[in-house]
Amino acid sequence: MGAVRGVRRWWRTADRREARVTLGALLLLVPVAPAAGWAGGALADASLHREVRAQQEERRATDAVVVDRVPEARRSAGDPDAVGERTMVVAAWRAPDGTPRSGEAAPVSAPGGGPGAQVRIWTDRDGLPVPPPMKARTARTHALLGGAGAFLLAVGCVEAGRRLAVARMVRRRYAHLDREWAEADQDWGRAGTGG
């Protein structure tokens, strides 16, 4: 009977330890996860806003003249420049240094007519077509998503640590229980054994 009381007492102590680990994880989670989310979001926001400013400095809207439309078959074949619902055109424009350029470009708005129509495209410093610069609102959305990801990562790390600690405690508990049962008399609890 003493062995059973010892196992029960040890079992209650183990349950209290697991509860303490869970409480500790919760107390750690309350300040850490929001701080990680805020820090991740703030870092992403600063980085993305630097990128927005750099893109706005490097890219410029340029007037171009439509020469032809890009064939539909080529746009639907996975052309990386045919993003979203933007219409690709073959256009002619001048680079910032005055050099004439032509090629495929995505106008800022869909061209109203065929060849000869005026459109606005985005070009880099060399006059090559590029996508429009990222908008500040888009950067903010990406930063918020980055912050949410950092928050969830912190939650996952704390929970993984808690689960590992509890799993180790449970293994130790069952190992202790196995030792207690091995030390108990083999005939313990059987009728007619005199115990």
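The preceding data block contains the structure.
Residues numbered from 1 in each chain as written. Predicted model: local features only at pLDDT ≥ 70, side-chain atom pairs only at ≥ 80, totals over all residues. Heavy atoms only, no water.

Undergrad: Quick one: what's the story with the overall build of the chain, residue by residue and with numbers?
TA: Secondary structure assignment for the chain yields three helices and four strands. Starting at the N terminus and walking to the C terminus, you meet the elements of the chain as α-β-α-β-β-β-α. Within the chain, the proportion of its 195 residues that are buried is 23%. A separation threshold of at least 6 residues defines the contact pool for the chain, and within that pool the share at least 24 residues apart is 67%. Summing over all exposed atoms, the chain offers an accessible surface of approximately 13200 Å²; the carbon and sulfur share of this is 58%. (Helix = DSSP H or I, 4+ residues; strand = E, 2+ residues; numbered from the N terminus. Buried < 20%, exposed > 50% of the residue type's maximum accessible area, 1.4 Å probe, protein only. Contact = heavy atoms within 4.5 Å. Areas by Shrake-Rupley, 256 points an atom, 1.4 Å probe, with all protein chains shown as cover.)

Undergrad: How would you summarise the nonpolar core if you had to cite specific residues and measurements?
TA: Core analysis: the biggest nonpolar cluster contains nine residues, these being Ala64, Val66, Val89, Ala91, Trp93, Ala105, Ala117, Val119 and Ile121. Residue assignment for this core shows that the elements contributing at least two residues are strand S1 (60-69), strand S2 (89-94) and strand S4 (118-123). Ranked by residues supplied to this core, first place goes to S2 with three residues. Dropping the residues within four chain positions of it, alanine 117 is found in contact with Ala64, Val65 and Val66. (Core = buried A, V, L, I, M, F, W, Y, C linked by side-chain atoms within 4.5 Å.)

Undergrad: With reference to specific residues and values, describe a nonpolar patch on the surface.
TA: Together, Leu23, Leu26, Leu27 and Val30 line one region of the surface with nonpolar side chains, adding up to about 400 Å² of accessible area. The topology assignment puts leucine 27 in helix H1 (residues 2-58). (Patch = residues over 30% accessible without salt bridge, like charges linked within 9 Å, V, L, I, M, F, W, Y side chains within 5 Å. Salt bridge = Lys/Arg side-chain N within 4 Å of Asp/Glu carboxyl O.)

Undergrad: Can you lay out the pairing of S2 for me, pointing to particular residues and giving the numbers?
TA: Side chains Val89, Ala91 and Trp93 of S2 all project onto a buried face; the interleaved residues Val90, Ala92 and Arg94 project onto a face where none is buried. In the sheet, S1 pairs with S2 via five bridges, with the strands oriented antiparallel. Counted as the bridge partner of alanine 64 is tryptophan 93 from S2. Alignment of S2 against strand S3 (residues 100-105), held across six bridges, turns out to be antiparallel. Paired with alanine 91 across the bridge in S3 is glycine 103. (Pairing = 2+ DSSP bridges.)

Undergrad: Lay out the pattern of salt bridges in plain terms, naming residues and giving numbers.
TA: Enumeration over the complete set of coordinates arrives at six salt bridges. The residue arginine 173 makes a salt bridge to glutamate 18 at a minimum N-O spacing of 2.2 Å. Within this pair, whereas arginine 173 is found in helix H3 (residues 136-183), its partner glutamate 18 is found in helix H1, the two being separated by 155 residues in sequence. Like glutamate 18, arginine 173 is buried. Across the pair arginine 120 and aspartate 63 runs a salt bridge whose closest N-O atoms are separated by 2.8 Å. Remark: aspartate 63 occurs in strand S1 and arginine 120 occurs in strand S4; sequence separation between them is 57 residues. Counted as one network, the salt bridges with shared partners bring together Asp15, Glu18 and Arg173.

Undergrad: Can you break down the sheet that holds S1 residue by residue, with the values?
TA: If you walk across this open sheet you meet the four strands as S3-S2-S1-S4, and the pairing is antiparallel. Sheet topology places S3 and S4 at the edges, where each strand pairs with a single neighbour. Averaged over all pairs of adjacent strands, the angle between strand axes in this sheet comes to 45°, irrespective of strand direction. In terms of strand pairing, S1 meets S4 through six bridges, oriented antiparallel. Across the sheet, the residue bridging to arginine 60 is threonine 123, located in S4. (Axes fitted to C-alpha atoms, helices over the stretch in contact; angles between N-to-C directions.)

Everything listed here is a matter of coordinates, which is why it stays silent on function.
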